[in-house]
Amino acid sequence: MNRTKRYAAAMMALALPAALIAGCGEANQPAPSAGQTGEGASKNAKKLDISISFFNIGKAFPDRNSDPFLKMIESRFNVNIVDKVISYADYKEKYQLWAASGDLPDVFSDDNINSEGYYSWIKQGIIRPLPSDLSKYPNVQKVLSLNDTKPLNVDGKYYMIPRQTYLEPDQWAIERAVVVRKDWLDKLGLKDPVTYDDYLNMYKSFAQKDPDGNGKNDTIGLTFRSTSSMLLPVAGGSFPHVINGSWVKENGKYIPYYASGQMKTVVKQLRQMYAEGAIDPDFAIMKPNDGYEKFGQGKVGAISVQATPNALSALRASWDKYVKDKKFEESVKILPVSWAAEDGSRYRYNAVTFWSESYFSSKVSDEKMDRILQIYDYLLSDEFMTFKRYGMEGKDYKKDGDKFTITREKNENGQYKSLGSMYPSYGGLFGALAAWGQQLELEDTETARINYGEQLWTLSHDALKYNVEKLKPVPTNFKVELLYTPAKSKLSAINATEDVIKVMLGKDDPVTMWDNIVKGYDSKGLQQAIKEVNDAVQQQGLDK
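Description of the structure in this document. Going along each chain's sequence as written, the residues are numbered from 1 onward. Residues qualify for local features only when their pLDDT is at least 70, as the model is predicted, and side-chain atom pairs are given and counted only at 80 or more; totals for whole chains, interfaces and linings, by contrast, use all residues. To obtain the side-chain values, all non-hydrogen atoms of the structure were used and water was disregarded.

Observations regarding the packing of helix α8 (residues 196-208) against helix α10 (residues 263-275)
- To obtain an axis, a line is fitted to C-alpha atoms, over the contacting stretch when the element is a helix, and the angle between two such axes runs from 0 to 180 degrees between their N-to-C directions. Put simply, DSSP H or I for four residues or longer makes a helix, DSSP E for two residues or longer makes a strand, and each gets a number counted from the N terminus. For the pair α8 and α10, the least separation of the axes is 10 Å and the interaxial angle reads 25°. The orientation of α8 with respect to α10, classified from their angle, is roughly parallel. In this structure, α8 meets α10 at a crossing whose hand is right-handed. Touching Y196, L200 and Y203 of α8 are Q269, Q272 and M273, all from α10. Here the angle decides the label: under 35 degrees means roughly parallel, over 145 means roughly antiparallel, 65 to 115 means roughly perpendicular, and every other value means oblique. It is the rotation of the near helix from the far one that decides the hand of a crossing: anticlockwise by less than a right angle makes it left-handed, clockwise makes it right-handed. The contact criterion used throughout is that any non-hydrogen atoms of two residues lie within 4.5 Å.

Quick look at unusual backbone geometry
- A positive phi angle is found at N78, which is not glycine, with a value near 55°.
- Tracing the backbone shows N78 in the loop between α3 (68-77) and β2 (79-83).
- At N289, a residue that is not glycine, the phi angle is positive and equals roughly 80°.
- Position of N289 relative to the elements: it lies in the loop between α10 and α11 (290-296).
- The partly exposed category is assigned to N289, whose relative accessible area is 29%. Only protein chains enter the accessibility calculation, which uses a 1.4 Å probe; a residue whose area is less than 20% of its type maximum is buried, one above 50% is exposed, and one in between is partly exposed.

Focus: the pattern of salt bridges
- The rule for a salt bridge is simple: a side-chain nitrogen of Lys or Arg has to be within 4 Å of a carboxyl oxygen of Asp or Glu. Evaluation of the coordinates by the stated rule reveals 35 salt bridges.
- Ionic pairing is found between K321 and E293, a salt bridge with its closest N-O pair at 2.8 Å. With K321 in helix α12 (residues 309-322) and E293 in helix α11, this residue pair connects regions lying 28 residues apart in the sequence.
- Judged by relative accessible area, which is 47%, K321 ranks as partly exposed.
- Between R389 and E443 there is a salt bridge, with its nearest N and O atoms 2.9 Å apart. On the criterion of sequence distance, the pair formed by R389 in helix α15 (residues 382-390) and E443 in the loop between α18 (439-442) and α19 (446-452) is long-range, its members being 54 residues apart.
- Members of the salt-bridge network, linked through shared partners, are K395, D396, E409 and K417.

Structure follows, in structure tokens:
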């Protein structure tokens with residue numbers, strides 16, 4: 001089915017549009033700001049308010065007057081940035097509320113691509129397409145011309161800008177990992193786990209053998225940074241596709257991972273891990289990032305989390321708040337997220353190069369859209385990549401030819417301050433608004449080591465090297481993952497992780513419970529989606 005036909009089919013399947021209400025207004029300040037000259041000042045003569053929601057934006061503007069990066073952005077593009085606060089815990093709910101009331105911000109971040117909700121937004125006119133001619137914004141155009149983003153157009157139009165995480169698939173290799181207390185492993189005489197029984201024993205020992213030596217039964221085996229994304233991957237040794245939630249080819253047919261018979265082993269093992277005290281008893285009610293706090297408080301033996309430098313830095317920050325006598329980097333170890341499969345193979349996370357997207361309210365005028373795309377083009381430019389590596393020239397570094405000399409401020413401990421702490425709008429918004437750019441964290445550069453600290457960066461880099469060399473990426477047909485069919489888009493209403501949690505907390509036989517849950521998915525279009533996908537795979541030759 002071509003794009004036009006599939007779009008028409010999607011539109012017929014969707015609900016009637018909701019009424020829209022006017023969005024944020026624009027400030028009618030006629031003069032460009034100081035520092036803006038020449039063509040830029042002329043084409044951006046009218047000052048505009050641009051409202052934005054982004055995952056971390058609540059930390060972006062503690063003091064607008066003392067943030068040089070924010071001043072630079074607002075001056076350079078003659079805009080006022082207006083924040084509408086969301087968090088990882090509530091962004092879905094807030095977008096639904098704002099969409100229903102017509103109060104969506106001009107720019108907002110979500111992970112909604114190819115879902116029924118995405119096509120519903122288009123149908124209802126809630127989001128606007130990008131201009132068909134993006135030649136004025138070459139860096140934006142480049143992102144939308146990549147092999148794994150080109151298939152995302154609908155009826156020849158792009159309704160979002162994918163937020164690139166990495167440039168290469170292998171750079172996802174530490175996106176799912178388990179960080180464990182190395183000092184607890186040593187104290188309990190445990191070796192690095194390999195099998196399911198090894199992992200189960202390690203988690204139970206952390207929870208039950210008083211590894212902190214305080215004589216109390218108050219420690220936790222395994223917790224999670226985010227239960228929704230980090231729970232299922234811990235069982236990836238039994239069924240690799242739970243690590244990235246992908247479709248799997250079984251008996252010559254593609255099916256969603258949760259429809260596979262291999263899920264029976266997954267639910268049995270996760271039930272056992274919970275029932276025997278290996279898993280955090282509060283895991284089902286935890287909010288994202290609660291696991292950071294628990295680990296930092298010194299009561300947790302292991303956490304399922306990303307092992308990227310930035311994620312480890314956040315974990316270390318929590319650790320440093322509570323643990324004063326042990327250095328984080330010397331107390332932890334990074335292990336594969338799950339045990340070895342029966343054939344001895346171990347698997348790692350695998351994905352397309354982007355996660356999440358930027359959307360634009362249909363209330364955004366052409367003039368404002370031009371201004372927004374100018375900002376995005378800058379945030380995707382080599383110039384901004386240089387800022388992300390070094391900071392502001394003349395303040396944070398000096399450049400002589402090809403040589404960069406770091407002159408950044410240091411804190412009271414003699415360590416370089418992070419760019420995010422010096423420029424909160426960069427740390428909380430602009431640094432990741434157009435692209436996560438996490439490949440910069442992994443670069444073997446002086447600035448990467450400065451940004452995260454030599455020991456922490458090395459800890460993460462060594463784990464990446466090990467996972468790429470020793471672990472297999474989950475075998476995934478991304479053409480199927482990116483494929484749109486009407487019934488497949490509706491499967492986004494299924495939350496298999498929530499249903500697995502119900503099985504873990506239940507009392508009945510876990511396999512029987514899971515079988516009944518999967519049967520219930522048929523009423524949500526599971527069998528029709530499988531048929532549509534496999535028909536499309538045959539018709540479009542996607543099984544290559």
